[in-house]
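A look at the structure
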Amino acid sequence: MDTLLDFWLDVAQAAHLYKRYIRHQAKQLPCLNKPHPSDLTLSDGRTSTSSNFPDLLTRMLLIQPRSSIATTVHSATSTQSNKRPTQEEMAEVIERIYLRYIVPNAEKEITQLPSEIRQAITHHFSDDDYLHHKRLGPEDPAIFLQAKQFVYQQLETTFPQFIKYKVFMNLTLFQQVGRLAFGLFLLFIGFSLELSLIFLDVSPWQQRLWGILPIGLGVFSIVTSVIGIDPIWVLCFNISETVPFKFNAIAQPRVRQVLRLRSLVVLFIIILITFIFMTIFCAVAGHRL
């Protein structure tokens, strides 16, 4: 989901830069009619149209020299300032998106992308005749039109659940599975310790309170695994796990408020379950076997 959303935002940013680039090109060529850049804005996810350039402008975009394939992200000054993007910068943005999401084994490869869409995009970067035939410049984000529509369909069905997951939970699935296994192991140790003290009739009974350590940690691990929220991270450190073992501060006030309320509930559940277990083990009379 994170990869799909990143791809969507990168293409939307490229479309924004491309519109600025086209407006600048139109001012330099006043004899041409106003072009219609690709409609790939973030506000319109359903429909997009490819660029409709005059032949002269299309040839100009294709024959001008361009830089080699770029693998790094543009700096903030080149993408967010008022500076008009050049053809070289636009080509670099498009190639960066291609190398980051489309090529096999890419940094954030969209594995769900159908092979037909992937091959069509690859042709744009390997066949100049194909580019000219389709009337798309190498800087045109419409190259990713079909991929963007596919990603939009995926986001449309899963994005609400994704947002809900991020708002109500601060643990990743990997963290939850690990905590579940660790919690069961600690409960096994805690229960074994308590049962041993009971059936060995160890006195005084207060020694059974040592079992609160493995049992309490076990309950904490299992409850946080099931609910998907770590109250210590939220209440003490104000952090959320985005990917395994990588954390971000919780910046949104509304999200922070929701997570704190849920953390208090989770802490109450953990304390209650631990108290019930310890009460049972401490109340049972010892009996030496």
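Residues numbered from 1 in each chain as written. Predicted model: local features only at pLDDT ≥ 70, side-chain atom pairs only at ≥ 80, totals over all residues. Heavy atoms only, no water.

The protein chain has the name Bud site selection protein, Revert to axial protein 1 in an unreviewed UniProt entry, where Rhizopus azygosporus is given as its organism.

1. Quick word on helix 8 (residues 173–199)
Here is the rule we go by: The way it works is that DSSP assigns letters per residue, a run of H or I at least four long becomes a helix, a run of E at least two long becomes a strand, and they are numbered from the N terminus. In this scheme, a helix's expected span is set at 1.5 Å multiplied by one less than its residue total. Per-residue accessibility, obtained with a 1.4 Å probe over protein chains only, is compared with the maximum for each type, and a residue is labelled buried under 20%, exposed over 50%, and partly exposed between these values. Here a residue-residue contact requires only that any non-hydrogen atoms of the pair lie within 4.5 Å.
Given a rise of 1.5 Å per residue, 27 residues ought to cover 39 Å, and the 39 Å separating the end C-alpha atoms of helix 8 matches this to within 8%. Those residues of helix 8 lying buried are Gln 175, Gln 176, Arg 179, Gly 183, Leu 186, Leu 187, Gly 190, Glu 194, Leu 197 and Ile 198. Where helix 8 is buried, its residues contact helix 7 (145–168), helix 9 (212–227), helix 10 (231–237), strand 1 (239–243) and helix 11 (253–283). In the segment just after helix 8, Asp 201 is the residue with positive phi, at about 55 degrees.

2. Examining the UniProt feature "transmembrane region" (unreviewed entry) in the protein chain
Rule in force here: UniProt positions are given in the numbering used here, feature names are shortened, and annotations may be inferred rather than shown by experiment.
Using the residue numbers shown here, the UniProt feature "transmembrane region" (unreviewed entry) corresponds to residues 180–200, 212–236 and 264–286. For residues 212–236, helix accounts for 88% and strand for 0%, while the C-alpha atoms at its two ends are 22 Å apart. As annotated, residues 264–286 has a helix share of 87% and a strand share of 0%, and its two end C-alpha atoms lie 36 Å apart.

3. A look at helix 11
The end-to-end C-alpha separation of helix 11 is 45 Å, in line with the 45 Å expected for 31 residues at 1.5 Å each. Looking only at helix 11, the buried set comprises Val 255, Val 258, Leu 259, Ser 263, Val 266, Ile 270, Thr 274, Met 278, Phe 281 and Cys 282. Residues of helix 11 that are buried make contact with helix 7, helix 8, helix 9 and helix 10.

4. Observations regarding the packing of helix 4 (residues 87–102) against helix 5 (residues 115–126)
The axes of two packed helices give the description: the angle between them and the distance between them. Keep this limit in mind: Axes here mean lines fitted to C-alpha atoms, for a helix over just the part in contact, with angles spanning 0 to 180 degrees between N-to-C directions. Crossing handedness is defined as follows: a turn of the near helix away from the far one that is anticlockwise and smaller than a right angle gives a left-handed crossing, while the clockwise case is right-handed. Under the scheme applied, nonpolar residues are Ala, Val, Leu, Ile, Met, Phe, Trp, Tyr, Cys and Pro; charged residues are Asp, Glu, Lys and Arg; polar residues are all the others, including Gly.
At a closest axis distance of 12 Å, the pairing of helix 4 and helix 5 adopts a crossing angle of 140 degrees. Helix 4 and helix 5 meet at a crossing whose hand is left-handed. Along its contact with helix 4, which presents Ile 94, Glu 95, Tyr 98, Tyr 101 and Ile 102, the element helix 5 presents Arg 118, Ile 121, Thr 122 and Phe 125. Of the residues in the contact of helix 4 with helix 5, the class split is six nonpolar, one polar and two charged.

5. Things to note about the environment of Phe 275
On the secondary structure map, Phe 275 appears in helix 11. With a relative accessible area of 55%, Phe 275 lands in the exposed category. For the pair Phe 275 and Gly 216, spaced 59 residues apart in sequence, the C-alpha separation works out to 8.8 Å.

6. Overview of the packing of helix 1 (residues 2–28) against helix 4
For clarity, the cut-off: What sets the label is the angle itself: under 35 degrees gives roughly parallel, over 145 gives roughly antiparallel, 65 to 115 gives roughly perpendicular, and the rest give oblique.
Interaxial distance between helix 1 and helix 4 falls to 10 Å at its minimum, and their mutual angle equals 165 degrees. In terms of orientation, helix 1 and helix 4 fall into the roughly antiparallel class. Note that helix 1 runs across helix 4; the crossing there is left-handed. From helix 1, Thr 3, Asp 6, Phe 7, Asp 10, Val 11, Gln 13, Ala 14, Leu 17, Tyr 18 and Tyr 21 reach across to helix 4, where they touch Gln 87, Met 90, Val 93, Ile 94, Arg 96, Ile 97, Arg 100, Tyr 101 and Ile 102. The residue makeup of the contact of helix 1 with helix 4, split by class, is twelve nonpolar, three polar and four charged.

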